[in-house]
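# Topology and contacts: notes
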Amino acid sequence: MRLPRDKDVLENARALRKSMTREERHLWYDFLRGYSPRFVRQKVVGRYILDFYCDAAGLAIELDGSQHYEAAGQLHDAQRTEYLEGFGIRVLRFSNLDVMQHFEGVCRVIDNAVKSLFFMPPLEGRWPKAGGVAGSRSMNGVPPGPSPGAAAPPSPKGGLKL
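Attention here is on the structure that accompanies the text. Computed from a predicted structure; not experimentally measured. Numbering of residues starts from 1 in every chain and runs along the sequence as written. In view of the model being predicted, local features appear only for residues whose pLDDT reaches at least 70, and side-chain atom pairs are presented and counted only at 80 or more, with totals across whole chains, interfaces and linings using the full set of residues. Hydrogen atoms and water are omitted, and side-chain values are computed over all heavy atoms in the structure.

### Some details on the sheet that holds strand E2 (residues 48-54)
For clarity, the cut-off: Pairing between two strands requires that DSSP report at least two bridges joining them. Only DSSP runs of H or I with at least four residues qualify as helices, and only runs of E with at least two residues qualify as strands; both kinds are numbered from the N terminus onward. Here the axes come from fitting lines to C-alpha atoms, over the contacting stretch only for helices, and the angles between their N-to-C directions go from 0 to 180 degrees. What makes two residues a contact is simply this: any of their non-hydrogen atoms within 4.5 Å.
Overall, mixed pairing links the four strands, which are arranged E1-E2-E3-E4 in an open sheet. This sheet does not close on itself; its edge strands, each paired only once, are strand E1 (40-45) and strand E4 (90-95). The sheet shows a mean angle of 45° between the axes of neighbouring strands, direction not considered. Bridging between E1 and E2 involves five bridges; their strand directions are antiparallel. For Lys43, the partnering residue across the bridge sits in E2 and is Leu50. Sheet contacts for helix H5 (residues 103-117): strand E3 (59-64) and E4; angle to E4, the most-contacted strand, approximately 175°.

Below, the structure written as structure tokens:
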């Protein structure tokens, strides 16, 4: 399925790629840039721009600054997550502070999420259902639980607060 793109947002996405935050640069250059499967930066989906996106896993990674913790920011994030989940995209959110203070733990959570998504049914809407019912869980900073009968991925250690 091809994801929708609002052409009016494309120029802004290009500008954001050139002016990433310190936390985005750290996560991109020190982990995601060489990660397989491939991630892209500032992916446009509809009218939203995702910080990082892995098409193979249907996973968006969002880094949140302080504005995301205000009531209006939380409402906007909830609407955005609901919209993205409608296309089968799961969303992982990390605070900028987590990226800077718990970098290894953030990377471990992302890695576990990507690996577990290859063994889980996709969210409804991403691919046609085949042989079962697709899940519809939001990750909200935590990798999804295992498929029935599968071993659970290891949980992050070190007090990572997501």
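### Section: the pattern of salt bridges
Where charged atoms from two side chains of opposite charge approach closely, those side chains can pair. Worth spelling out the cut-off: Note on definitions: salt bridges are taken to be side-chain nitrogens of Lys or Arg within 4 Å of carboxyl oxygens of Asp or Glu.
Applying the stated criterion to the full structure yields six salt bridges. Residue Glu23 is joined to Arg22 by a salt bridge in which the shortest nitrogen-to-oxygen separation is 3.7 Å. With a shortest N-O distance of 2.8 Å, Arg93 and Asp64 are connected by a salt bridge. Remark: Asp64 occurs in strand E3 and Arg93 occurs in strand E4; sequence separation between them is 29 residues. Salt bridges sharing partners connect three or more residues here, namely Asp64, Asp77 and Arg93.

### Some points on the environment of Leu84
Structurally, the position occupied by Leu84 is in helix H3 (residues 71-85). Each C-alpha atom, one on Leu84 and one on Leu59, is 9.8 Å from the other, the two residues being 25 residues apart in sequence. Discounting residues that sit within four places of it in the chain, Leu84 has contacts with Val45, Leu50, Ile89 and Val91.

### Focus: the packing of helix H2 (residues 22-30) against H5
Counted only if it meets this: We call two directions roughly parallel when the angle between them is under 35 degrees, roughly antiparallel when it is over 145, roughly perpendicular when it lies between 65 and 115, and oblique otherwise. In this scheme the crossing of two helices becomes right-handed for a clockwise turn of the near helix relative to the far one and left-handed for an anticlockwise turn of less than a right angle. Classes in brief: Ala, Val, Leu, Ile, Met, Phe, Trp, Tyr, Cys and Pro nonpolar; Asp, Glu, Lys and Arg charged; the others, Gly included, polar.
Direction vectors running N to C along H2 and H5 enclose 60°, while the axes themselves pass 12 Å from each other. Here H5 runs oblique to H2, going by the angle between their axes. The two elements H2 and H5 cross, and the hand of that crossing is right-handed. The segment H2 lies against H5, with His26, Leu27 and Asp30 engaging Phe103, Val106, Cys107 and Ile110. For the contact of H2 with H5, a count of residues per class yields five nonpolar, one polar and one charged.

### So, the nonpolar core
Stated formally: The set of buried Ala, Val, Leu, Ile, Met, Phe, Trp, Tyr and Cys residues whose side-chain atoms join them within 4.5 Å is what this entry labels a nonpolar core. The rule is simple: take the accessible area with a 1.4 Å probe, protein chains only, and divide by the maximum for that residue type; under 20% is buried, over 50% is exposed, in between is partly exposed.
With 24 residues, the main nonpolar core has Leu27, Phe39, Leu59, Ile61, Phe94 and Ile110 as its most contacted residues. The set of elements that each furnish at least two residues to this core consists of H2, E2, E3, E4 and H5. Of the residues forming this core, the biggest block, eight residues, is contributed by H5. Setting aside residues no more than four positions away along its own chain, Phe39 makes contact with Trp28, Leu32, Phe52, Tyr53, Cys54, Leu59, Ile61, Ile110 and Val114. Of all hydrophobic cores here, the second largest spans nine residues; its members include Val45, Leu84, Phe87 and Ile89.

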